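In case you want the letters, here they are:
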Amino acid sequence: MNEKLPRHIAIIMDGNGRWAKQRHLPRIAGHKAGVDAVRESVRYCAEKKIEALTLFAFSSENWQRPEMEVSYLMSLFMTMLKLEVKKLHKNNIRLRVMGDRERFDKKLQQLMADAEALTGNNTGLNLVIAANYGGRWDICEAVRKIAVEVEQGRVIPNQITPELIEPFLASKDLPEPDLLIRTSGEQRISNFMLWQLAYAEFYFTDVFWPDFNAAEMDKAIAFFRKRERRFGCTSEQLRAEHA
Ligand code: IPE
Ligand code: IPE
Ligand code: MG
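Parameters and conventions
- Residues numbered from 1 in each chain as written.
- Chains lettered and ligands numbered in written order.
- Predicted model: local features only at pLDDT ≥ 70, side-chain atom pairs only at ≥ 80, totals over all residues.
- Heavy atoms only, no water.
- Buried < 20%, exposed > 50% of the residue type's maximum accessible area, 1.4 Å probe, protein only.
- Helix = DSSP H or I, 4+ residues; strand = E, 2+ residues; numbered from the N terminus.
- Pairing = 2+ DSSP bridges.
- Near = heavy atom within 4 Å.
- Polar contact = N/O pair within 3.5 Å; in protein donor to acceptor, adjacent residues only side chain to side chain.
- Areas by Shrake-Rupley, 256 points an atom, 1.4 Å probe, with all protein chains shown as cover.
- Nonpolar A, V, L, I, M, F, W, Y, C, P; charged D, E, K, R; others polar.
- Axes fitted to C-alpha atoms, helices over the stretch in contact; angles between N-to-C directions.
- Contact = heavy atoms within 4.5 Å.
- Salt bridge = Lys/Arg side-chain N within 4 Å of Asp/Glu carboxyl O.

### Considering the pairing of strand β6 (residues 201–204)
Piece 1. Residue alternation in β6 divides its side chains into a buried set, E201 and Y203, and an unburied set, F202 and F204.
Piece 2. Here strand β5 (residues 179–182) runs beside β6; their pairing, made up of four bridges, is parallel. Note on β6: the bridge partner recorded for R182 is F204.

### Some details on the site of ligand 2
Piece 1. Around ligand 2, a shell composed of I12, M13, D14, F56, A57, F58, S59, N62, R65, R182, R188 and S190 is seen.
Piece 2. D14 is positioned such that a nitrogen or oxygen atom in its side chain is 3.1 Å from an oxygen atom of ligand 2.
Piece 3. One of the side-chain nitrogen or oxygen atoms of N62 is found 2.9 Å away from an oxygen atom of ligand 2.
Piece 4. Out of a free accessible area of 390 Å², ligand 2 has 78% covered by protein chains.
Piece 5. Classifying every residue of the shell around ligand 2 by side-chain character gives five nonpolar, three polar and four charged.

### Brief notes about the sheet that holds β5
Where strands meet in a sheet, backbone hydrogen bonds hold them as pairs that are either parallel or antiparallel.
Piece 1. Taken together, the six strands give an open sheet; going across it, the order is β3-β4-β2-β1-β5-β6, and neighbouring strands pair in parallel fashion. Each end of this open sheet is capped by a strand with a single partner; those strands are β3 (94–98) and β6. On average, adjacent strands in this sheet sit at an angle of 20° to one another, irrespective of strand direction.
Piece 2. Sheet analysis places strand β2 (residues 52–59) next to strand β4 (residues 126–133), joined by seven bridges and oriented parallel. Its bridge partner lying in β4, S59 is registered against Y133.
Piece 3. The sheet strands contacting helix α7 (residues 214–226) are β1 (8–12), β5 and β6, and the helix crosses β6 at an angle near 145°.

### With respect to the pattern of salt bridges
Piece 1. Within the structure shown, the criterion is met by 18 salt bridges.
Piece 2. Put simply, E216 and K219 hold a salt bridge, and the shortest N to O gap is 3.2 Å. Pair noted here: E216 and K219 are both in helix α7, with a separation of three residues, about one helical turn.
Piece 3. Given the relative accessible area of 45%, K219 is considered partly exposed.
Piece 4. When salt bridges that share partners are traced, they join D14, R18, R182, E186 and R188 into one network.

### Some remarks on the site of ligand 1
Piece 1. Around ligand 1 sit M13, D14, G15, N16, G17, R18, R27, H31, A57, N62, R65 and L73, and those are all the residues in its vicinity.
Piece 2. In this structure, D14 approaches ligand 1 through a side-chain N or O atom, which is 2.9 Å from an oxygen atom.
Piece 3. Here an oxygen atom of ligand 1 sits 2.9 Å away from a polar atom, N or O, in the main chain of G17.
Piece 4. When ligand 1 is considered free in solution it has 380 Å² of accessible area, and contact with the protein chains removes 87% of it.
Piece 5. Only α1 (16–22) and α2 (27–47) provide two or more residues apiece to the shell around ligand 1.
Piece 6. In terms of residue count, α1 provides more of the shell around ligand 1 than any other element does, three residues in total.
Piece 7. Split by residue class, the shell around ligand 1 holds three nonpolar, five polar and four charged.

Here's what the structure looks like:
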């Protein structure tokens with residue numbers, strides 16, 4: 001039954017600011033409203049038994065936003081971790097945070113570590129929150145770690161293949177996203193999972209993130225089901241394979 005459902009959905013949750021502006025509210029009201037959409041998308045994926053959901057919550061470039069907005073996002077993150085983790089655990093969801101955590105407040109780093117420890121053995125949905133994440137950062141980290149392996153003689157340069165690189169990426173041991181959703185009408189990748197999205201199907205919708213709900217998720221899945229994923233082959237080859 002799960003055939004043709006994506007195994008891993010990645011979402012660039014965009015448009016909170018514009019959602020708020022439309023309502024003559026401050027930008028942070030949009031972020032607050034976005035939390036409900038996060039809950040709904042998690043519930044949706046858990047119910048449909050999707051293996052992994054990665055949500056882009058804060059990019060390595062988002063530090064450049066006004067200080068007030070950044071600190072609001074940080075406090076929202078803290079509150080979410082405090083209030084929601086027990087519920088995630090009860091629902092057998094495994095949470096992890098992907099990104100450079102060093103820049104976060106120590107208390108926030110601790111909450112992230114606690115949440116991962118609590119939910120680490122859960123076997124349901126893998127929920128990944130990308131925070132202070134950038135695709136280039138991810139690749140740089142992998143390169144740095146592989147360089148150490150080479151330096152210490154455990155890897156020789158000729159052994160470096162995509163398969164060798166993958167376990168060094170932040171998304172290690174998850175299937176790569178097969179569906180990328182970006183809300184709010186923007187059609188760019190904004191330094192998200194550059195390596196991992198190599199063969200993902202891209203779904204763009206004009207809906208702002210706070211308005212993204214189960215019905216919108218259904219549309220994204222319907223779009224995904226219609227795609228023919230060729231991975232470099234021809235249509236005829238794929239049909240012959242399935243005949
Ligand atoms: C996405 O919404 C949330 C984050 C980047 C944290 P935006 O805040 O980017 O909303 P717009 O793009 O300004 O409408
Ligand atoms: C990308 O959204 C980051 C997140 C959704 C967290 P932005 O709204 O920051 O992206 P740009 O700057 O418009 O490309
Ligand atoms: Mg935006």
